[in-house]
Amino acid sequence: MERESATPAHQVEAIGPAEAQAYVEYLASPPGRLRCELLWGNLAAALPRAGQSRRAPRALDAGGGSGELAQRLVRLGFDVVLLDSSRAMLAQARRRLGTSVELVHGDLARTAELLPKRRFEVVVCHLAIEYVADPEAALLALASVLGPSGLLSLAFRNACGEPFKLAAEGDLAGARASLDADGFATDLLRRRGRLLRIGSVRRRLRQARLRVFDSAGIRVFPALGPTRWEDQLALERDAARRPPLRRVARYVQLLARREIGAGR
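This one's a predicted model, so the numbers in the text were calculated from it and none came from an experiment.

Caption draft 1: Representation of the overall build of the protein chain. A tally of helices and strands in the protein chain yields 11 helices and 10 strands. Since a compact globule built from 264 residues should have a radius of gyration of about 18 Å, the 18 Å found for the protein chain is in line with a globular shape. With respect to the three principal axes, the spread of C-alpha positions in the protein chain is 50 × 40 × 35 Å. Within the protein chain, the proportion of its 264 residues that are buried is 51%. Long-range contacts, defined as pairs at least 24 residues apart, comprise 72% of the intrachain contacts of the protein chain with a sequence gap of at least 6. Accessible surface, the protein chain as shown: approximately 12,800 Å² in total, 52% of it carbon and sulfur. For the protein chain, the centre of its 42 positive side-chain charges and the centre of its 29 negative side-chain charges are spaced 6 Å apart.

Structure below.
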């Protein structure tokens, strides 16, 4: 089932079919696989186990794109809703997932409006919130659909890691400019995003009555290629929670829970 949102006609969708296909191909590449495995490993360790209640636990994959992570949740027995602002991405998700998930088209900031009276045991938003017009509003909207003691996994591009990423790619001028930048551009999706700072995001989570209990750096080191994939995965996992390295990782993943008594 796919539901349509009442998106204003003047909005221009940033991700078209070509970009969506390029993204799917990136996720199958060594750097993409590495990122997916690191994010999933941290999330999977904190997930509630399916079968602990009479019904399947509910999960929202917000900004879930082509459905790579949603597919993993389905395999664990979750009832999954995938929300994304790109119809091209939702088409990729439909090809991957068939009818095993509910697909919803719309902006993250309108999550509560698009999913009225819905509550989820798990809300995942990986590398999507930095692309919305108002990340703070989107974060509050995601928090509003999280059930009592619910789990939020939030991952975003790390402002402190951007200079290291660009320098490793040989773009020294870009690295220097990024020291004071509040945004970034991605060639893969041909769009711009905001560089979020860990401290600011943590404060917003506290305001939403969510307690961060774990944080990890994702992609601390440059990708080494397919022949070293397993070795780099082990290295990244070992480095992910070491504070000096975590602060300069390309991405940051925060795991948070709804504070007791704070559910809506």
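That was the structure; now back to the text.
Caption draft 2: Summary view of helix 10 (residues 229-239). Along helix 10, the residues classified as buried are W229, Q232, L233, E236 and A239. Buried residues along helix 10 cover an arc of 135° about the axis, so they all sit on one side. Residues of helix 10 that are buried in the fold lie against helix 2 (30-46) and helix 11 (243-246).

Caption draft 3: Representation of the pattern of salt bridges in the model. As enumerated under the stated definition, the model contains 12 salt bridges in all. For the salt bridge of E121 with R55, the shortest nitrogen-to-oxygen distance reads 2.5 Å. With E121 in strand 5 (residues 120-126) and R55 in the loop between helix 2 and strand 2 (58-62), the pair connects residues that are 66 residues apart, well separated along the chain. On the basis of relative accessible area, E121 is assigned to the partly exposed category, the value being 25%. The partly exposed category is assigned to R55, whose relative accessible area is 36%. We note a salt bridge from R118 to E102, for which the minimum N-O separation is 3.0 Å. Of this pair, R118 sits in the loop between helix 5 (111-114) and strand 5 while E102 is found in strand 4 (residues 102-105), placing the two residues 16 residues apart along the sequence. What you see here is one network of salt bridges that share partners, running through E37, E68 and R72.

What counts, and at which threshold
Residues numbered from 1 in each chain as written. Predicted model: local features only at pLDDT ≥ 70, side-chain atom pairs only at ≥ 80, totals over all residues. Heavy atoms only, no water. Helix = DSSP H or I, 4+ residues; strand = E, 2+ residues; numbered from the N terminus. Rg over C-alpha atoms; globule rule 2.2 N^0.38 Å. Buried < 20%, exposed > 50% of the residue type's maximum accessible area, 1.4 Å probe, protein only. Contact = heavy atoms within 4.5 Å. Areas by Shrake-Rupley, 256 points an atom, 1.4 Å probe, with all protein chains shown as cover. Lys, Arg positive; Asp, Glu negative; His and termini not counted. Charge placed at Lys NZ, Arg CZ, Asp CG, Glu CD. Arc of directions from axis to C-beta. Salt bridge = Lys/Arg side-chain N within 4 Å of Asp/Glu carboxyl O.

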